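What follows is each chain in one-letter form.
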Amino acid sequence: MKRVLTIAGSDSGGGAGIQADLKTFASLGVYGMSAITSITAQNTVGVQGIHDLPPEFVALQIDSVVRDIGVDAAKTGMLSSSVIIETVASKIKEYKIPNLVIDPAMYAKSGDSLLKPDARDTLINKLLPLSVLITPNIPEAEFLSGMKIKNIEDMKMAGEKIKKKVGADVLVKGGHLEIASPLARNDIRKVIDILYTGEGFFIFESERIETKNTHGTGCTYSAAIASELAKGYKLHDAVKRAKDFATSAIKNSIEIGKGRGPTNPIAELYGDAEKYRMLKEMEMAIERLKEAKIGILIPEVQSNMAYALHDAKGFEDVMAFPGRIIKYGNNIITVSRPEFGVSRHIASIVLTVMKFDSTKRAAMNIKYSPEIINTCRRLNLKTASFNRKDEPEKSKRKEGLSLEWGTEKVIRESGFVPDIIYDLGDIGKEPMIRVIAENPEELCKIIIGIKGG
């Protein structure tokens with residue numbers, strides 16, 4: 001496993017600094033280590049206090065890590081004083097630490113200064129020349145280049161000036177500028193970053209995520225670049241992969257605190273783990289239903305089972321069976337493993353239910369009959385129904401809106417989320433029952449209970 005060291009400050013709010021770096025390292029599959037330079041009293045609103053650690057203790061942390069474990073790449077973040085910067089620079093040179101990425105970390109997202117004014121020259125003269133890449137945002141790039149930055153050409157010019165001054169390659173991050181994409185034919189607003197190396201300029205762009213929760217973006221981005229360099233990726237590819245990673249962290253940012261919430265660098269790691277668990281739950285559930293021979297409960301239009309991510313926002317976040325669940329005598333068969341985004345109909349039910357109760361993430365449609373409804377009631381399942389004839393013409397005209405409308409109508413009128421939602425059909429629409437549950441296992445219990453009831 002590749003080893004990556006962060007030399008940075010601690011964020012008591014957990015959104016930036018070494019906390020963000022270590023989350024990023026873990027998510028990208030590298031072994032993370034830390035040398036803490038400062039301890040901050042910090043939250044989403046701002047920085048309430050900074051306590052620098054003694055320089056000799058910063059040095060001791062680096063000694064401990066390098067002499068025992070070793071380092072394949074490193075990044076620096078908050079280095080608030082000249083003496084700390086000099087100490088870090090000395091250790092970088094002593095151990096010839098490779099793949100050093102420097103996030104200048106001059107300001108917090110709140111605007112609070114993280115670098116003492118008298119330390120800025122030390123940063124420029126002693127540390128920046130030791131790096132393979134510097135990742136300033138617009139305010140930092142303006143300071144390092146000595147010029148105002150208003151557009152892409154200014155970003156390029158600033159990158160050239162910084163590289164000429166310190167020798168390292170420069171990634172000027174454009175998150176503070178809202179400019180049109182030079183790669184798009186229309187006036188799409190993007191986040192443009194520009195990498196300047198000895199080989200020229202490279203433009204990286206991503207969608208602009210409309211959120212205030214961007215605390216820790218710079219830390220996450222630079223930590224991701226260091227991680228990818230440690231894995232052996234060339235600088236251009238490392239930046240591209242890291243930008244995609246940082247964009248995902250912003251897209252999945254956390255709404256917490258009273259100010260700017262943090263990005264979420266472990267979102268994809270958790271997301272992949274959740275998707276795997278969901279796949280196994282769905283496969284176990286369908287096997288149980290096959291063993292129970294529930295073919296008698298499958299309607300003419302066949303069935304499907306849906307299971308949504310805990311924070312599902314759209315159809316692409318809901319898992320179901322491609323080709324549906326098919327009746328075969330008393331048995332059922334499926335033609336494929338469950339996948340995300342393959343069933344708008346059953347997914348629309350789950351997504352609507354989750355607006356009212358986020359714990360109810362699973363649903364399956366089964367055949368309607370008065371006898372089945374009576375069985376549901378004998379099993380003490382909460383039942384409710386809607387009449388398709390009451391549906392507004394607007395929702396009838398768009399596929400998927402009928403079930404969304406009917407589900408929401410039932411829940412609002414009932415004041416709760418029923419276990420069973422049914423309707424008696426309409427012209428060209430088969431009567432249907434939808435079973436609602438927290439997960440596929442609970443769904444199985446209900447359906448098998450109905451079949452045996």
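These figures come from a predicted structure and were not determined experimentally.

Caption draft 1: Representation of the packing of aromatic side chains in the model. Counted by the stated rule, this structure contains three aromatic pairs. On the basis of an interplanar angle of 20 degrees and a centroid distance of 5.8 Å, the ring pair of Y368 and Y422 is categorised as stacked. You can see Y368 sitting in the loop between β16 (362-367) and α11 (370-378) and its partner Y422 sitting in strand β18 (residues 420-423), a full 54 residues away along the chain. For Y422, a relative accessible area of 11% puts it in the buried group. Geometrically, the ring pair formed by F386 and W405 is edge-to-face, given 5.8 Å between the ring centres and 85 degrees between the ring planes. Here the residue F386 occupies a position in the loop between β17 (383-385) and α12 (393-397), and W405 occupies one in helix α13 (residues 401-414), the gap between them amounting to 19 residues. W405 matches F386 in its accessibility class, with the two residues each being buried. Note that R120 overlies the ring of F143, its terminal NZ or CZ placed 5.0 Å from the centroid. Above the plane of the ring of F201 lies K156, whose end atom (NZ or CZ) is 5.5 Å from the centre.

Caption draft 2: Focus on helix α8 (residues 235-251). Under the 1.5 Å per step criterion, the end-to-end length of α8 is 24 Å for 17 residues, consistent within 8% with the ideal 24 Å. The set of residues buried in α8 consists of L235, A238, V239, A242, K243, F245, A246, T247, S248, A249 and I250.

Caption draft 3: Examining the sheet that holds β18 more closely. Strands sit in the order β15-β12-β11-β16-β19-β18-β17 across an open sheet of seven strands; the sheet is mixed. Among the strands making up the open sheet, the edge pair consists of β15 (339-340) and β17. The pairing of strand β11 (residues 305-308) with strand β12 (residues 318-320) spans two bridges and is antiparallel. Note on β12: the bridge partner recorded for A308 is V318. Sitting on the sheet, helix α10 (residues 344-356) touches β11, β12, β16 and β19 (432-437), and the angle it makes with β16 is about 130 degrees.

Caption draft 4: Broad picture of the environment of I102. Within the fold, I102 resides in strand β5 (residues 100-102). Spatially, the C-alpha atoms of I102 and G261 are 23 Å apart, while their sequence positions differ by 159 residues. If we ignore the near neighbours within four places in the chain, the residues touching I102 are T76, L127, L128, S131, L133, I134 and T135.

Caption draft 5: The packing of helix α3 (residues 82-95) against helix α4 (residues 120-127), seen in detail. Taken N-terminus to C-terminus, the directions of α3 and α4 make an angle of 10 degrees; their axes are 9 Å apart at the nearest point. With respect to α4, the axis of α3 lies roughly parallel. The segment α3 lies against α4, with S82, I85, E86, V88, A89 and I92 engaging T122, L123, K126 and L127. Partitioned by chemical class, the residues of the contact of α3 with α4 number six nonpolar, two polar and two charged.

Caption draft 6: Up close: the pairing of strand β7 (residues 169-173). Taken across its five residues, β7 has five buried, putting it largely inside the fold. Here β7 shows a buried face lined by D169, L171 and K173 and a second buried face lined by V170 and V172. Judged from the two bridges that link them, strand β6 (residues 133-134) and β7 form a sheet pairing that is parallel. Bridge pairing in β7 links L133 to D169.

Caption draft 7: Fine view of the environment of P136. Along the chain, P136 turns up in the loop between β6 and α5 (138-145). Residue P136 is classed as buried on the basis of its relative accessible area, which comes to 0%. Distance in space between the C-alpha atoms of P136 and V172 is 5.5 Å, their sequence separation being 36 residues. Contacts of P136, omitting those with residues within four sequence positions, involve P104, A141, L144, I162, V170, L171, V172 and K173.

The rules behind each value
- Residues numbered from 1 in each chain as written.
- Predicted model: local features only at pLDDT ≥ 70, side-chain atom pairs only at ≥ 80, totals over all residues.
- Heavy atoms only, no water.
- Phe/Tyr/Trp six-rings, centres within 6.5 Å; stacked < 30°, edge-to-face > 60°.
- Helix = DSSP H or I, 4+ residues; strand = E, 2+ residues; numbered from the N terminus.
- Buried < 20%, exposed > 50% of the residue type's maximum accessible area, 1.4 Å probe, protein only.
- Lys NZ or Arg CZ within 6 Å of the ring centre and 35° of its normal.
- Expected span 1.5 Å × (residues − 1).
- Pairing = 2+ DSSP bridges.
- Contact = heavy atoms within 4.5 Å.
- Axes fitted to C-alpha atoms, helices over the stretch in contact; angles between N-to-C directions.
- Parallel < 35°, antiparallel > 145°, perpendicular 65-115°, else oblique.
- Nonpolar A, V, L, I, M, F, W, Y, C, P; charged D, E, K, R; others polar.

These figures come from the coordinates and say nothing about function on their own.
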